[in-house]
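For reference, the chains in residue letters:
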Amino acid sequence: MIKNKNVKTFKDRLHTSMQGLSVSAFAKKCDMSETVIRDYLSGKTYPSLTRLEVIAEKCNVSFNWLATGYKLEILNPQDDDEVYNENIYRIPVYKKQLPTKEEAQNQRYIREIPPVMNYPVIEGWASHRGLDIKKLILYWAKGDLMAPDIENNNGLIINTDINEIIDGAIYLIEYENFTLLRKIRLTLGNWILICNNDQYPTIEVPKAHFEKYNIVGRVVQVIKDVF
């Protein structure tokens with residue numbers, strides 16, 4: 001049973017791609033049988049990747065759009081590059097990293113440390129990962145506690161929609177006035193908060209103290225520059 005709505009609506013994109021041709025004419029154009037095309041249009045069956053490629057080429061549409069619905073429907077034959085129309089959502093920065101009112105008004109601060117208020121994320125990426133894009137935030141890592149995997153000033157996309165703690169995943173955690181970035185190991189009745197950099201100690205949190213630690217979210221992507 002196919003549950004992905006974008007796959008299920010393939011028949012609608014196929015009908016659009018036919019551009020008014022009859023099933024017979026379209027089947028001939030794609031070198032496929034009328035029965036196969038009718039099954040696609042009814043949603044009874046779905047094409048293989050090879051057949052998707054053939055249909056996309058014959059109809060001059062984006063392969064990815066035809067398969068997923070995330071690209072521009074009709075491409076200009078004169079254009080060499082495919083044009084994307086995927087929805088872009090700008091996720092907000094972690095609230096404690098927003099500049100203060102004084103910093104926001106300080107021209108030197110703005111000039112030397114331009115505050116990044118949000119980060120563009122493609123909705124299709126979040127959907128593919130099973131993430132609610134509106135539950136994502138951006139956090140700028142500080143220090144070398146999680147090096148070498150996460151370096152100072154790397155951007156982290158954090159999923160704040162947490163149903164359970166995943167053993168070995170990296171989380172953004174609030175404790176009193178501190179913000180911690182740690183890998184959580186689950187033991188019997190405890191959390192072990194681990195740094196990747198072994199120069200820093202681990203923190204053992206007994207079950208009785210769990211409520212003192214606010215789990216902001218789990219790291220789902222690291223953004224870093226490659227030089």
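Undergrad: Which residues make up the environment of Val121, and what values go with them?
TA: Among the structural elements, Val121 can be located in strand 2 (residues 118-122). Sequence-wise, Val121 and Leu136 are 15 residues apart; in three dimensions their C-alpha atoms are separated by 9.4 Å. The contact partners of Val121, leaving out residues within four places of it in the chain, are Asn87, Ile88, Tyr89, Ile91, Ile133 and Ile157.

Undergrad: I'd like a description of the side chain of Lys183, backed by residues and values.
TA: Following the sequence through the fold, Lys183 ends up in strand 6 (residues 178-187). Within the buried core, Lys183 has no salt-bridge partner, and the shortest N-O distance to an opposite charge, that of Asp149, equals 5.2 Å. At 3.4 Å, the side chain of Lys183 forms a polar contact with the side chain of Asn196. Dropping the residues within four chain positions of it, Lys183 is found in contact with Met146, Gly168, Ala169, Ile170, Ile192, Leu193, Ile194 and Asn196.

Undergrad: A description of the pattern of salt bridges should follow, citing residues and the corresponding values.
TA: Under the criterion given, the structure shown has 3 salt bridges. Notably, a salt bridge pairs Glu34 with Arg38, separated by 3.5 Å at the nearest N-O pair. One end of the pair is Glu34 and the other is Arg38, both in helix 4 (residues 34-42) and 4 residues apart, which spans about a single turn. Among the ionic pairs, Lys96 bridges to Glu174, the shortest N-O distance being 3.8 Å.

Undergrad: So what's going on with helix 2 (residues 10-17)? Which residues, and what values?
TA: Looking only at helix 2, the buried set comprises Phe10, Arg13, Leu14 and Ser17. One face of helix 2 carries all of its buried residues, which in axial projection span an arc of 105 degrees. Just downstream of helix 2 lies Gln19, where phi reads positive at about 50 degrees.

Criteria and thresholds
- Residues numbered from 1 in each chain as written.
- Predicted model: local features only at pLDDT ≥ 70, side-chain atom pairs only at ≥ 80, totals over all residues.
- Heavy atoms only, no water.
- Helix = DSSP H or I, 4+ residues; strand = E, 2+ residues; numbered from the N terminus.
- Contact = heavy atoms within 4.5 Å.
- Buried < 20%, exposed > 50% of the residue type's maximum accessible area, 1.4 Å probe, protein only.
- Lys, Arg positive; Asp, Glu negative; His and termini not counted.
- Salt bridge = Lys/Arg side-chain N within 4 Å of Asp/Glu carboxyl O.
- Polar contact = N/O pair within 3.5 Å; in protein donor to acceptor, adjacent residues only side chain to side chain.
- Arc of directions from axis to C-beta.

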